[in-house]
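Single-letter residue listing:
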Amino acid sequence: MMNLGRTLVPLALLFVASPTLAAPKKPEQVVACTGPFAKGVTHASLVKAFGANNVAVQRVGTGEGETQVASVIFPRDKARRIEVLWIDETRLRRASEIRTGVESQWRTEHGIRRGMTLAEIEALNGRPFRLYGFGFDYGGTTLDWNGGALDKQAGGCTLTLRFMMREGADNAAVHGGEQDFMSDSEAMRKAAPVVDAVGLRFGE
């Protein structure tokens, strides 16, 4: 007679260890000027794409004490929060900027995410780029990709990143006043800031 105990135990172990039972990976959150965030995006299209319970109309800060009406996706989820600012604030259409929250896990189509280093972004761009120094509301924001690979985005928008200073780094030369720097300057190399937020801007 066949010994069922010896037969079933190895099969059970194989079944438990089967890679097909592993929990599926969550899809990456990619923000790009295509799909739900394409140039023709409206508040209504965001509601259709993400659900009415996940999109709210709020006033958000834009720097220097100013605010603007935005459609905020996942407003209560810091990891997924993303804001769409409007040129037409009454009808909530004609997007001017799409930006992630400071604790966001969204990535760009190039894989850029919060926490990436200045050197990593420069490598993706293929050349140095220009950005603001720190110490004011727009501090750390990219200004010009200098004709690099990040200069053009699918869908016709412009990529903007905001960097933040690292605690304990040599930040003295890049802090204070509305001055700008090349990413390969000695001052920026010493500061070595990291990405704090990602934005996509459309023309008027």
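As shown above, the structure is provided for reference.
Residues numbered from 1 in each chain as written. Predicted model: local features only at pLDDT ≥ 70, side-chain atom pairs only at ≥ 80, totals over all residues. Heavy atoms only, no water.

**Student:** Talk me through the overall build of the protein; I want residue IDs and the actual numbers.
**Tutor:** When you go through the protein residue by residue, the secondary structure sums to 4 helices and 9 strands. Traced from its N-terminal end to its C-terminal end, the protein shows the element sequence α-α-β-β-β-β-α-β-β-β-β-α-β. The long-range fraction of contacts in the protein, counting pairs at least 24 apart against all pairs at least 6 apart in sequence, stands at 54%. Roughly 11,700 Å² of accessible area belongs to the protein as shown, and the carbon and sulfur atoms make up 53% of that amount. (Helix = DSSP H or I, 4+ residues; strand = E, 2+ residues; numbered from the N terminus. Contact = heavy atoms within 4.5 Å. Areas by Shrake-Rupley, 256 points an atom, 1.4 Å probe, with all protein chains shown as cover.)

**Student:** Please set out the pairing of strand S3 (residues 82-88) residue by residue, giving values where relevant.
**Tutor:** In terms of burial, S3 is largely enclosed, as 6 of its 7 residues are buried. In this sheet, S3 lies alongside strand S2 (residues 66-73) in antiparallel orientation, the contact comprising 4 bridges. By the bridge assignment for S3, Val-72 is matched with Glu-83. Strand direction decides the pairing type here: S3 and strand S4 (residues 93-100), joined by 6 bridges, are antiparallel. Looking at S4, one finds that Val-84 is bridged to Ile-98. Once S3 ends, the chain turns through 4 residues before running back antiparallel as S4, passing Leu-92 with a positive phi of about 55°. (Buried < 20%, exposed > 50% of the residue type's maximum accessible area, 1.4 Å probe, protein only. Pairing = 2+ DSSP bridges.)

**Student:** Quick one: what's the story with the sheet that holds strand S8 (residues 180-182), residue by residue and with numbers?
**Tutor:** Ordered by their spatial adjacency, 3 strands build an open sheet running S6-S5-S8, and the pairing between neighbours is antiparallel. Edge positions in the open sheet fall to strand S6 (142-144) and S8, since each of these has one partner strand only. In this sheet, adjacent strand axes meet at a mean angle of 35° when their direction is disregarded. Across 3 bridges, strand S5 (residues 130-132) lies against S8 in antiparallel orientation. Residue pairing for S8: Arg-130 is matched across the bridge by Met-182. (Axes fitted to C-alpha atoms, helices over the stretch in contact; angles between N-to-C directions.)

**Student:** Any details on unusual backbone geometry? Residues and values, ideally.
**Tutor:** Phi at Arg-94 takes a positive value of approximately 60°, unusual for a residue other than glycine. Summarising the element assignment, Arg-94 is placed in strand S4. One non-glycine residue, Asn-146, lies in the positive phi region at around 60°. Judged by relative accessible area, which is 37%, Asn-146 ranks as partly exposed.

**Student:** An account of the nonpolar core is needed here, citing residue identities and associated values.
**Tutor:** In terms of nonpolar packing, the biggest core is built from 39 residues, with Phe-37, Leu-46, Ile-73, Ile-121, Leu-161 and Phe-163 touching the most fellow members. Counting residues per element, the ones that place at least two in this core are helix H2 (43-50), S2, S3, S4, helix H3 (118-125), strand S7 (158-164), helix H4 (186-191) and strand S9 (194-201). Ignoring sequence-local partners within four residues, the contact set of Ile-121 consists of Ile-112, Met-116, Phe-129, Trp-145, Leu-150, Leu-161, Phe-163 and Val-195. (Core = buried A, V, L, I, M, F, W, Y, C linked by side-chain atoms within 4.5 Å.)

**Student:** Give me the sheet that holds S4: which residues, what numbers.
**Tutor:** In space, the 6 strands of this open sheet follow the order S1-S2-S3-S4-S9-S7, with antiparallel pairing throughout. Each end of this open sheet is capped by a strand with a single partner; those strands are strand S1 (55-63) and S7. The average undirected angle you get between the axes of adjacent strands in this sheet is 30°. Bridge count between S7 and S9: 7 bridges; the pairing is antiparallel.

**Student:** Give a detailed account of the packing of aromatic side chains, specifying residues and quantitative values.
**Tutor:** Any two aromatic rings considered together are summarised by their centre-to-centre distance and by the angle between their planes. Using the criterion set out here, one finds 7 aromatic pairs in the structure. When the centroid spacing of 5.8 Å and the interplanar angle of 75° are considered together, the rings of Phe-37 and Trp-106 count as edge-to-face. In this pair, Phe-37 is assigned in the loop between helix H1 (4-17) and H2 and Trp-106 in the loop between S4 and H3, connecting sequence segments 69 residues apart. Across this residue pair, the class does not change: Phe-37 and Trp-106 are buried. Between Tyr-132 and Phe-136, the ring centres sit 5.1 Å apart and the planes meet at 85°, which makes this aromatic pair edge-to-face. You can call Phe-136 buried: its relative accessible area is 17%. By way of ring pairs, the aromatic residues Phe-37, Phe-50, Phe-74 and Trp-106 are connected into one cluster. (Phe/Tyr/Trp six-rings, centres within 6.5 Å; stacked < 30°, edge-to-face > 60°.)

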